[in-house]
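Results of the structural survey
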Amino acid sequence: MPHADPRGVLTGVHFMDGDHAACEGALAAGARFAAGYPITPSTEIVERFAARIPTVGGVFIQMEDELAASIAIAGAVWAGAKAFTVTSGPGFSLMMEHIGFAVMTETPCVFMNVQRGGPSTGLPTLPAQADMMQARWGSHGDYEIIALSPNSPQECFDLAVRAFNLAEEFRVPVMLMMDEVVGHMTEKVVIPPAEQIEIYPRRHTRLPPGQYKPYAPGPDLVPEMAHAGEGYRFHVTGLTHDERGYPSMNAAAQDRLVKRLKAKITRAADRLACYEEEGTEDADVVVISYGITSRVAQRAVEMARARGVRVGRLRLITVWPFPTRQIRALARRVKALVVPELNLGQIVLEVERAAAGQAETISVPHAGGSVHAPEQILDAIMEVAK
Amino acid sequence: MQLTEIRVAGFGGQGVMLSAHIIGKAAAVYQGAYATMTQSFGPEARGGAASAQVILSDKPILYPYVTRPDVLIAMSQEAYSRFLPELKPGGLLLVESDLVRVSDLPAGIRVHSIPATRLAEELGRRMVLNVVMVGFFGAITALLEPDALRKAVIDSVPPATRDLNVRAFEKGFEYGLNTLHGEHHAESEHPSLPLEAHD
């Protein structure tokens, strides 16, 4: 894979918050366009982008609302840029239509959601992880997206780069599902030299105009792109379309298109699965978590081990597509799966589905506004380990 | 360095966030330790109580929030009243002596004070009181290498104010050393570095 354009890479050792690190990840990945309607606790991402982009070379537009922001990035992508938008709960809700549009038109782009407490305006300055199902199911119709969940400012950088790479590889919107704690906490962030950052380039067609079909998929079910203004004539529409991109509104075309959109992700699920697993080999109980909760969960796991419980932990880094096969295999060898999250029970439903009755699945819910006390998770572990 | 929880609190505009940022950066970037800084957001960001928390450790930091600080740096009376109750028994309290009247102090709390605002004014800019405070913190606690703190100061302030901020740091550091030696007026060059980071 080619390397990052050094103009966007702030190589060095920094003490930086997760929002700023996510912005630097986007710049390192080659994002040169962002549109946003800034909202707490994500504002610092676009604030930094707006400050940095004039010297890197690119555009930031503060739009009139989140609908405009989320469709402007699609325009930028079809004009040749790598583009993203940034938001939190209320804005994420407004962006759902254009997430579906990006899925349907196979527009590679990144949505960063720094999750705060909801519903509605909720807790603007305080954390939650309650948009995890919305990220997967919030737009209408059948589809698949990719969602990544960082648990530190360093991972906000690393996973922002990966989000852009996956968006290009699969031509799908990728969600970087941060939370307020990770976004606002400041820690060491190491940004490597540009030549150590691999970049998945735009899958641009090599066919000449006339032979190019914008929605003719390759062997991995992903079609190649052309950009506006390059002499290619093509149609990009949210309507069900054929390989030429022309609207083709019938059951056969729908079946072909929507099944392919789904299959290009689900076929690659094993390769997309990314998680950190520790101490599960001889565990009776495994704690499954993601984002900031994974750090609190790790503390709880250490406390439980000190009490003699055989407990392991699994941290989801890729949350969507959900690593069903891996969780199912885990469920066969343990007694219980404990799932703390900053919501009233979302990803635990996926764990339960994957476990399919092989292991007891325990939810440790939290309505948001803070993180769990480690003791809450510890209590759940101790209870089930009895 | 054992896990050490620090809360820096004052009113908005005193540079509370920057003080915590400098302490965290010194540990994480210049001393090879771990640091996690979090801060309070919301209506209190200007004028009212402002508070930043930083955790330092030799090992990766898991739980992100400060719960029982080992060190409280209080730069306003309100911050003192609000955050004193959570200070760990036997903890260290550092106060801005002109802005905080210390009272109702639980037994066992170590307390040191510095007129950071006045010292900053002597340097010509009241706004560097936060960096005076960082210097004071550095000398009293000896948690971090002075040079790591100094580098973090230089790296965290606008280039045009570097010299001023370094002088503010030295002033606070020197005041801290003199405090430890039971005097407040000794003149010295850049403080020698007799204090080693302890475990």
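All values reported here derive from a predicted model rather than from experimental measurement.

The rules behind these values
Residues numbered from 1 in each chain as written. Chains lettered and ligands numbered in written order. Predicted model: local features only at pLDDT ≥ 70, side-chain atom pairs only at ≥ 80, totals over all residues. Heavy atoms only, no water. Contact = heavy atoms within 4.5 Å. Buried area = accessible area lost by both parts, 1.4 Å probe. Salt bridge = Lys/Arg side-chain N within 4 Å of Asp/Glu carboxyl O. Helix = DSSP H or I, 4+ residues; strand = E, 2+ residues; numbered from the N terminus. Nonpolar A, V, L, I, M, F, W, Y, C, P; charged D, E, K, R; others polar. Pairing = 2+ DSSP bridges. Axes fitted to C-alpha atoms, helices over the stretch in contact; angles between N-to-C directions. Core = buried A, V, L, I, M, F, W, Y, C linked by side-chain atoms within 4.5 Å. Buried < 20%, exposed > 50% of the residue type's maximum accessible area, 1.4 Å probe, protein only. Domains from an automatic or database assignment.

**A closer look at the interface of chain A and chain B**
- Contacts between the two partners involve 23 residues from chain A, matched on the other side by 17 residues from chain B.
- Of the roughly 1,700 Å² buried at the junction of chain A and chain B (both faces included), carbon and sulfur atoms supply 65%.
- For the pair chain A and chain B, the number of links is zero salt bridges.
- When residues of the side of chain A that touches chain B are traced back to their parent elements, those giving at least two are β1 (12-17), β6 (123-127), α7 (180-184), β9 (186-191) and α10 (292-306) of chain A.
- In terms of residue count, the dominant contributor to the side of chain A that touches chain B is α10 of chain A (six residues).
- Class assignment for the residues of the side of chain A that touches chain B results in nine nonpolar, seven polar and seven charged.

**Focus: the sheet that holds strand β12 (residues 311-316) of chain A**
Residue and element names in this part refer to chain A.
- Strand order in the open sheet formed by five strands is β10-β12-β11-β14-β15, and the pairing between neighbours is mixed. Sheet topology places β10 (275-278) and β15 (360-365) at the edges, where each strand pairs with a single neighbour. Put simply, the sheet's adjacent strands are angled 20° from each other on average, direction ignored.
- With six bridges connecting them, strand β14 (residues 336-341) and β15 associate as parallel partners. If you follow L337 over to β15, its bridge partner there is T361.

**What to know about the nonpolar core**
- Counting 127 residues, the largest nonpolar core has F84, M112, I288, L337 and I381 of chain A as the members making the most contacts within it.
- Those residues within four positions of L337 of chain A in sequence are excluded, and the remaining contacts are V286, I288, I327, L330, A331, V351, A355, A359, E360, T361 and I362 of chain A.
- Ranked by size, the runner-up nonpolar core spans 51 residues in total, among them A26, L119, A120 and A168 of chain B.

**A short note on the domain arrangement of chain A**
Residues and elements named next belong to chain A.
- Domain boundaries assigned for chain A yield domain 1 (6-196) and domain 2 (274-385).
- Placing a centre on the C-alpha atoms of domain 1 and another on those of domain 2 gives a separation of 27 Å.
- The interface is formed by 27 residues belonging to domain 1 together with 25 residues belonging to domain 2.
- Across the domain 1/domain 2 interface, buried area totals approximately 2,000 Å², and carbon plus sulfur atoms make up 56% of it.
- Of all residues in domain 1, Q129, M133 and N151 give up the largest surface area on contact with domain 2, accounting jointly for 31% of the area buried on that side.

**Structural notes on the pattern of salt bridges**
Residue and element names in this part refer to chain A.
- Inspection of every chain in the model, using the stated rule, returns 33 salt bridges over all chains.
- Residue D255 pairs with K259 through a salt bridge whose shortest N-O separation is 2.8 Å. With D255 and K259 both in helix α8 (residues 251-266), this residue pair falls four residues apart, about one helical turn.
- The structure contains a network of salt bridges with shared partners spanning E155, E276, E278, R305, R313 and R315.

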